[in-house]
Amino acid sequence: DRSPSRGLGDVYKRQIILNRHYIIETSNVLTFKGVLDMIKIKRIFALGLAFSMLYGTVGCKNKSKSESSSISELISEADTEDVRNTKGQTIYWLSDYDINPEENQERSTALALFEDVYGAKIEYLPAKSSELMSTLNALLQAGETVDMFPYYNEYALSGITDDKFQPLDEYYDVLDMENSMWDDMRDDIELLEYNENHYVIPYSRSNPQFLVYKRNFINEFNLEDPYKLYKNGQWTWDKFMEIMKAYAEAKPDAKLYGIGGDIGQGLVYSTGDTFVTKESGKFKNNLSSPEIEKAENLLTELKNSGLYDADADESDFLSQITPLFYGCSDWLLADMNINHEGLDLMAVPYPKSPDTDKYCVSADLNGKMLVKGSDKGTAVAAYIRCERLVQTNEKFLNEKKAQATEMKKTISGGSVPFITAEQYDAVQGFCSADNTAHIFDPAYYLGLGIFNNRVYNFEVRDTISNLSDAVLKYPENAESWSALKDSLNSRVDSAVALYNK
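Residues numbered from 1 in each chain as written. Predicted model: local features only at pLDDT ≥ 70, side-chain atom pairs only at ≥ 80, totals over all residues. Heavy atoms only, no water.

Draft legend 1. Local environment of the overall build of the chain. Looking only at helices and strands, the chain features 23 helices and 18 strands. By the burial criterion, 54% of the 501 residues in the chain qualify as buried. Taking the intrachain contacts of the chain between residues at least 6 apart in sequence as the baseline, contacts between residues at least 24 apart amount to 77%. Counting only carbon and sulfur atoms, one obtains 46% of the accessible surface of the chain, whose full area is about 22,000 Å². (Helix = DSSP H or I, 4+ residues; strand = E, 2+ residues; numbered from the N terminus. Buried < 20%, exposed > 50% of the residue type's maximum accessible area, 1.4 Å probe, protein only. Contact = heavy atoms within 4.5 Å. Areas by Shrake-Rupley, 256 points an atom, 1.4 Å probe, with all protein chains shown as cover.)

Draft legend 2. Quick peek at the pattern of salt bridges. Counted under the stated rule, the structure contains 24 salt bridges. The partner of Arg186 in a salt bridge is Asp183, and the shortest N-O contact between them spans 2.9 Å. Judged by its relative accessible area of 28%, Arg186 is partly exposed. Residue classification places Asp183 among the partly exposed positions, given a relative accessible area of 45%. For Arg205, the salt bridge is made with Asp184, and the minimal N-O distance between the two is 2.8 Å. With a gap of 21 residues between them, Arg205 in strand S7 (residues 204-206) and Asp184 in the loop between helix H9 (172-175) and helix H10 (186-191) connect regions that are remote in the sequence. (Salt bridge = Lys/Arg side-chain N within 4 Å of Asp/Glu carboxyl O.)

Draft legend 3. Representation of helix H23 (residues 481-499) in the model. With 19 residues, H23 should reach 27 Å at 1.5 Å per residue; the first-to-last C-alpha distance of 26 Å fits that figure. The sharpest bend along H23 measures roughly 40° and falls at Leu488. In this structure, the buried residues of H23 make contact with helix H8 (156-161), strand S10 (276-279), strand S11 (282-285), helix H15 (290-304) and helix H22 (463-473). (Expected span 1.5 Å × (residues − 1). Bend = angle between axes of the 7 residues up to and from the residue.)

Draft legend 4. Region of interest: unusual backbone geometry. With an omega of 0°, the peptide bond between Thr322 and Pro323 qualifies as cis. Along the chain, the position of Pro323 falls in the loop between helix H16 (314-319) and strand S13 (325-328). At Asp176, a residue that is not glycine, the phi angle is positive and equals roughly 60°. As for its position among the elements, Asp176 is in the loop between H9 and H10.

Draft legend 5. Broad picture of the confidence of the model for the chain. Residue-level pLDDT values for the chain average 85, and 83% of them are 70 or greater. Here residues 1-69 scores under 50 on pLDDT; set against residues more than four positions off or in separate chains, the count is 143 contacts. (pLDDT = per-residue confidence, 0-100.)

Draft legend 6. Representation of the nonpolar core within the structure. Formed by 146 residues in total, the largest nonpolar core has its most connected members in Phe114, Trp182, Trp235, Phe275, Leu302, Phe325 and Tyr445. Sorting elements by how many residues they give to this core places helix H18 (residues 377-392) first, with 9 residues. (Core = buried A, V, L, I, M, F, W, Y, C linked by side-chain atoms within 4.5 Å.)

Draft legend 7. Structural context of the packing of H18 against helix H19 (residues 394-405). The geometry of H18 relative to H19 is characterised by a closest axis approach of 5 Å and an angle of 75° between their N-to-C directions. Between H18 and H19, the interaxial angle falls into the category roughly perpendicular. Contact residues: Val390, Gln391 and Thr392 in H18; Glu394, Phe396, Leu397 and Lys400 in H19. (Axes fitted to C-alpha atoms, helices over the stretch in contact; angles between N-to-C directions. Parallel < 35°, antiparallel > 145°, perpendicular 65-115°, else oblique.)

Draft legend 8. Structural context of the packing of H22 against H23. Between H22 and H23, whose axes approach to 10 Å, the crossing angle comes to 175°. When the axes of H22 and H23 are compared, the pair comes out roughly antiparallel. Between H22, through Thr463, Asn466, Leu467, Ala470 and Val471, and H23, the contact on the second element is made entirely by Trp481, Leu484, Leu488, Arg491 and Val492.

Draft legend 9. Quick peek at the environment of Val492. Here Val492 is to be found in helix H23. Assessed through its relative accessible area of 1%, Val492 is described here as buried. Considering only alpha carbons, one finds Val492 and Leu446, 46 residues apart in sequence, at a separation of 9.2 Å. The contact partners of Val492, leaving out residues within four places of it in the chain, are Val276, Asn285, Leu287, Ile450, Thr463 and Leu467.

Draft legend 10. Focus on the packing of aromatic side chains. Going through the model one piece at a time under the given rule, you end up with 22 aromatic pairs. Ring geometry for Trp93 and Tyr97: centres 5.4 Å apart, planes at 75°, overall edge-to-face. By the ring-pair criterion, three or more aromatic residues cluster together here, those being Phe210, Tyr227, Tyr230, Tyr359 and Phe430. When the ring centre of Tyr257 is taken as origin, the NZ or CZ atom of Lys255, which lies over that ring, is 5.1 Å away. Arg388 extends its terminal NZ or CZ atom over the ring of Trp182, reaching a point 5.8 Å from the ring centre. (Phe/Tyr/Trp six-rings, centres within 6.5 Å; stacked < 30°, edge-to-face > 60°. Lys NZ or Arg CZ within 6 Å of the ring centre and 35° of its normal.)

Following this line, the structure appears as structure tokens:
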């Protein structure tokens, strides 16, 4: 650490605290660099850096002077004071992934902008994803500085109410919140507002939920093409079911499934409704929604009619004729493209429910939070702004497409996941079209009370996951939507009440 305000001994002490949470045991005396090497973690979203074509960042090598000048054009002259206030500062970033590139890797465009224009840097403090909050508590109790923390659904509100984070509202000028570049995110920003404060300013979306289908089999069985139906505004639940039934019945002597994969979330949110809503700043249990009931009944029909293949994983989808559709996201589609031969894969949003005018695409929100007690609020806000800038600048969007669609080889000769240009344009189109509604369920924001995506057994599975697909995947535990709703309703009520204080 070259920060003038922190000596090597202080940083070494910080690493010892982190090591305790990693339970690293050694009988050797380690150098400071050795400790860092031992606990260095690969970013869990490494694939996302390689091919995230919609919401990820674009890799940029260390900038030449001319390239840095080009990047600096994104920052107006009015930001002179912000640049002066961040120059030479170090943000201490506690996370389960590193923003900085590993050796021989490229910087993200956002990091290059932050380093080259704002003159600041980011120091990574690693922690396991399951131990982020306990590590944060340990560091703060030891008097160590932590400035920036990832926005994760599980930890955000519990950390806010436990006074671990501070609002970003006073840094709106640094964030340039009046700029039109934020317009597409304003509804999400207000959705994450809490007690009239904005602890999270989401700057992008990721992991959009959509369907992938085998276009070669659509053509072979003379079925209507889902993407063409979408482009004509005719991609509806009825058409979806009609195509799958026709496919399943095409070969009576063979069992042809219509769909596989994790589709509950995408299909429920295709109604435009969510399990929890937010009204006048308060969360509200929305399990009684008639629209959600219609989606749950459709999931039940998929199961009862034998159209859903509960056992098919992505390798099954790629290696055999059935199922025709598969619930997917951009990272999985990119991986599929290198693991199949002869399939013409195409992407399409979930079909419209009968009572919606728009196609609804659910996705995760990306953001960074400012840790309570940090004096680097300006620098953290500047970094968040850099992340947003590269999501809206045409030059970097074009670079992002070029990177996502490039077919590359690893050092050992293997293929790197990629998106075809046609797939890219399709997903980009239905994720940003005027007839698309972006869906984020406030239920996820309520955190570990009802959401924890790390367990997969019905009995201990999180409430939201069971609400999304238990009638499809666990019919023995969820005989009907009505019964499932009644069994889980009190959990949602409790989670809502906890944060409506």
